[in-house]
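Breakdown of the fold
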Amino acid sequence: MSARGQVSAGELLQLVRSGRAVTRGALQQATGLSRATVGQRLDRLFRAGWLREGAGGPVGSPLGGRPSITLEFDDSHAVVLAADLETRHARAAVLSLTGEILAEHSGTLVVEDGPDAVLGDLGHWFGELLEKAGHRAEEVCGIGLAVPGPVDTVSGRVVQPPIMPGWDGYDIRGRLARAFTETTGAPPVPVLVDNDANLMAYGEQRTGFPDCSAFVLVKVSTGIGAGVVVDGSLFRGIDGGAGDIGHIRVGAEALCRCGSYGCLAAVASGGAVARRLAEDGVPAASGSDVRDLLAAGHPAASALAREAGRQVGDVLATVVTLLNPGVLMIAGDLAGTAFLTGVRELLYQRALPRSTAHLHVVTSRLGERAGLVGAGALVVEHLYAPERVEERLMALGV
């Protein structure tokens, strides 16, 4: 927080949103600002429509005197659009600023068709979803997009994505902003892009494990990737490459889609299990086909999923030893009993007991919505960060 006397309206909003100070008196106590200064800065937030008086009634002020009215972040003044791309399928939604899904759509979108076509289709989906949710395009404050590849978050471009041919270095932000405008006629809005496992981890940690200071999610679908949340923030590495565990070499001879041999994803992903099933005469072409076979209790699929889980668990023993997380979440097409059993077998066998003593190994709670929730939360945290609040208030003239 800024020095006392320099605390901004954005920092006051952050205190209210986090629940650390929800009355005028509590804000005075937390910041050292005078009552008049707090009132002036809160007035800007009220005029912008970002703050409201709470419905819970008055509470006692830490400074004494008569009870104070609680303050709340007003999530009704805008909505967020979010989409989660997989290799052959996508989901999109309209969300409130507090993460409630107001309208949702899923359908076939093939990333191999290229970014121009796929992002154009998403723009049309967004227009239809806004109509379904009963919101105007002008109410949208931003768009979040999850993609199945490594992302340079500074530029919003994917970097050498193994399963996204034609997307390397493409201006995703610009194209999706244009698609939104072309479909709705509304002005462009900020677009944020991140890796799907990152955003799944962000959504799951914030909604289900907010007190976990080190959280790891591993998504096993067409490929394998991990998202890491440390102290409430995504850990991406220096250029978005953190968590790309699917390309750790495990000594096998299988050719990976990245062009190398022996990657974990080449032997233990949903795509790899599907290929092995197909070789044995079982109709399976993708991780989603394997998911359906597992749900039906197919014995060969279950056996291969357990074997894949053991291979992933062997790698995760190193991940757990390095990061010492409190929660390790398994998500994606293979995240069922057979795969989880295999993960546990090797993880607890190979990792040091101290690293796993307080570790909870769980499966996804948000399911297929995790990426959407994480993408929406990423947009909200970006737009309502204290420094950005000041910029936006000035642009609104308040």
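Residues numbered from 1 in each chain as written. Predicted model: local features only at pLDDT ≥ 70, side-chain atom pairs only at ≥ 80, totals over all residues. Heavy atoms only, no water.

A closer look at the overall build of the protein chain
Looking only at helices and strands, the protein chain features 14 helices and 14 strands. Since a compact globule built from 398 residues should have a radius of gyration of about 21 Å, the 23 Å found for the protein chain is in line with a globular shape. Each principal axis of the C-alpha distribution contributes one length, and for the protein chain these read about 75 × 55 × 35 Å. Counting only residues that meet the buried cut, the protein chain has 51% of its 398 residues in that class. The contacts in the protein chain between residues at least 6 apart in sequence include a share of 61% that link residues at least 24 apart. (Helix = DSSP H or I, 4+ residues; strand = E, 2+ residues; numbered from the N terminus. Rg over C-alpha atoms; globule rule 2.2 N^0.38 Å. Buried < 20%, exposed > 50% of the residue type's maximum accessible area, 1.4 Å probe, protein only. Contact = heavy atoms within 4.5 Å.)

Notes on the side chain of Ser 286
Positionally, Ser 286 belongs in the loop between helix H8 (270–279) and helix H9 (287–295). For Ser 286, the side chain forms a polar contact with the side chain of Ser 288, separated by 2.9 Å. Those residues in contact with Ser 286 that lie beyond four places of it in its chain are Gly 270 and Ala 274. (Polar contact = N/O pair within 3.5 Å; in protein donor to acceptor, adjacent residues only side chain to side chain.)

Looking at the sheet that holds strand S12 (residues 233–234)
As summarised here, the arrangement of the five strands in space is S12-S11-S10-S13-S14, forming an open sheet in which the pairing is mixed. Only two strands of the sheet have a single neighbouring strand rather than two, namely S12 and strand S14 (360–363). Its contacts with the sheet put helix H6 (residues 196–208) on strand S10 (214–220), strand S11 (224–230), S12 and strand S13 (327–331), and the angle it makes with S11 is roughly 45°. (Pairing = 2+ DSSP bridges. Axes fitted to C-alpha atoms, helices over the stretch in contact; angles between N-to-C directions.)

Digging into the packing of aromatic side chains
This structure, assessed with the given rule, holds three aromatic pairs. Arranged with centres 5.3 Å apart and planes meeting at 75°, the rings of Trp 50 and Tyr 384 form a pair that is edge-to-face. Of this pair, Trp 50 sits in the loop between helix H3 (35–48) and strand S1 (51–59) while Tyr 384 sits in the loop between helix H13 (370–383) and helix H14 (386–396), placing them 334 residues apart in sequence. Summarising the burial analysis for this pair, Trp 50 and Tyr 384 share the class buried. Aromatic pair Phe 73 and Tyr 384: ring centres 5.2 Å apart, planes at 75°, arrangement edge-to-face. Of this pair, Phe 73 sits in strand S2 (residues 68–73) while Tyr 384 is found in the loop between H13 and H14, placing the two residues 311 residues apart along the sequence. When its relative accessible area of 12% is taken as the criterion, Phe 73 is described as buried. (Phe/Tyr/Trp six-rings, centres within 6.5 Å; stacked < 30°, edge-to-face > 60°.)

Observations concerning the sheet that holds strand S6 (residues 140–147)
Taken in spatial order, the five strands make up an open sheet running S5-S4-S3-S6-S9, and their pairing is mixed. A single partner strand is all that each edge strand has here, and the edge strands are strand S5 (101–107) and strand S9 (191–195). The mean angle between the axes of side-by-side strands here comes to 15°, regardless of whether they run parallel or antiparallel. Bridge count for strand S3 (residues 79–85) against S6 is six bridges, and the pairing is parallel. The residue of S6 that forms the bridge with Asp 84 is Ala 146.

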